[in-house]
Amino acid sequence: MNTDTVRKIIDALSIHQDPDSIRVLNDVGTNSSIDEVREMTSRALVKKNVHDSLEVVITNQGKGINDLSTVVAMSTINELLALEDKTEAIKILEDTVNMHSDEDVRDNARSVKALMALSC
């Protein structure tokens with residue numbers, strides 16, 4: 001499957017209202033071995049701007065802001081900063097800082113939360 005086809009599928013899933021679209025993006029897109037696919041997927045999840053989609057890219061180790069690829073992580077952070085309504089993202093970031101079991105995930109959430117506070 002070529003990149004353009006994958007991009008169209010991810011774009012379609014990003015605007016789809018069915019909660020299963022988040023599951024598919026999480027199960028398939030964020031677990032891809034291809035950085036570009038993970039980046040497109042993380043951006044699509046952020047653009048959905050709902051609790052379940054934001055939780056995937058903020059709280060999961062190895063995904064979204066916690067991706068080992070700096071390109072994927074920075075792209076996700078930039079999408080979070082670009083959100084018009086940051087309320088849900090900030091709530092999830094706060095919960096992650098206060099309650100997540102992994103120190104690296106907490107640290108990343110703390111850093112992104114600080115950036116978001118500066119961008120408001």
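1. Quick word on the overall build of the chain
So, step 1. Across its full length, the chain carries seven helices and zero strands.
So, step 2. Reading the chain from its N end, one meets helices and strands in the order α-α-α-α-α-α-α.
So, step 3. A compact globule built from 120 residues should have a C-alpha radius of gyration of about 14 Å, and the chain, at 13 Å, falls within 12% of that.
So, step 4. In terms of overall dimensions, the chain has C-alpha extents of about 40 × 25 × 25 Å along its principal axes.
So, step 5. Taking all 120 residues of the chain together, the buried fraction comes to 42%.
So, step 6. Counting only contacts in the chain whose residues sit at least 6 apart along the sequence, the fraction spanning at least 24 positions is 58%.
So, step 7. Per element, the accessible surface of the chain, about 6700 Å² overall, is 51% carbon and sulfur.
So, step 8. Separation of charge centres in the chain, based on 13 positive and 21 negative side chains, amounts to 2 Å.

2. Some words on the nonpolar core
Note that soluble globular proteins tend to have their nonpolar side chains buried in a common cluster.
So, step 1. Ranked by internal contacts, the top residues of the largest apolar core, which has 25 residues, are Leu54, Ile58 and Leu80.
So, step 2. Elements with a contribution of two residues or more to this core: α1 (3-15), α2 (20-29), α3 (35-48), α4 (51-59), α5 (70-82), α6 (87-99) and α7 (103-119).
So, step 3. The element best represented in this core is α3, accounting for five residues.
So, step 4. With sequence-adjacent residues up to four places away left out, Leu54 is seen in contact with Leu45, Val46, Asn49, Leu80, Leu83, Glu88, Ala89 and Ile92.

3. Describing the side chain of Ser14
So, step 1. Assignment of secondary structure puts Ser14 in helix α1.
So, step 2. Engagement of the side chain of Ser14 in a polar contact is seen with the backbone oxygen of Asp11, the distance being 2.7 Å.
So, step 3. For Ser14, the residues in contact, after removing those within four places along its chain, are Leu25, Ala44 and Lys48.

4. Examining the pattern of salt bridges
So, step 1. Applying the stated rule across the entire model yields nine salt bridges.
So, step 2. When the shortest N-O distance is used, the salt bridge between Asp27 and Arg23 registers 3.5 Å. Taken as a pair, Asp27 and Arg23 lie in helix α2 at a separation of four residues, close to a single helical turn.
So, step 3. With relative accessibility at 44%, the residue Arg23 sits in the partly exposed group.
So, step 4. Residue Arg43 is joined to Glu79 by a salt bridge in which the shortest nitrogen-to-oxygen separation is 3.2 Å. With Arg43 in helix α3 and Glu79 in helix α5, this pair connects stretches of sequence that are 36 residues apart.
So, step 5. Residue Arg43 is classed as partly exposed on the basis of its relative accessible area of 27%.
So, step 6. The buried category is assigned to Glu79, whose relative accessible area is 17%.
So, step 7. Within this structure, Asp20, Arg23 and Asp27 form a network of salt bridges that share partners.

The rules behind these values
- Residues numbered from 1 in each chain as written.
- Predicted model: local features only at pLDDT ≥ 70, side-chain atom pairs only at ≥ 80, totals over all residues.
- Heavy atoms only, no water.
- Helix = DSSP H or I, 4+ residues; strand = E, 2+ residues; numbered from the N terminus.
- Rg over C-alpha atoms; globule rule 2.2 N^0.38 Å.
- Buried < 20%, exposed > 50% of the residue type's maximum accessible area, 1.4 Å probe, protein only.
- Contact = heavy atoms within 4.5 Å.
- Areas by Shrake-Rupley, 256 points an atom, 1.4 Å probe, with all protein chains shown as cover.
- Lys, Arg positive; Asp, Glu negative; His and termini not counted.
- Charge placed at Lys NZ, Arg CZ, Asp CG, Glu CD.
- Core = buried A, V, L, I, M, F, W, Y, C linked by side-chain atoms within 4.5 Å.
- Polar contact = N/O pair within 3.5 Å; in protein donor to acceptor, adjacent residues only side chain to side chain.
- Salt bridge = Lys/Arg side-chain N within 4 Å of Asp/Glu carboxyl O.

Without other data, these values stay purely geometric and don't point to any function.
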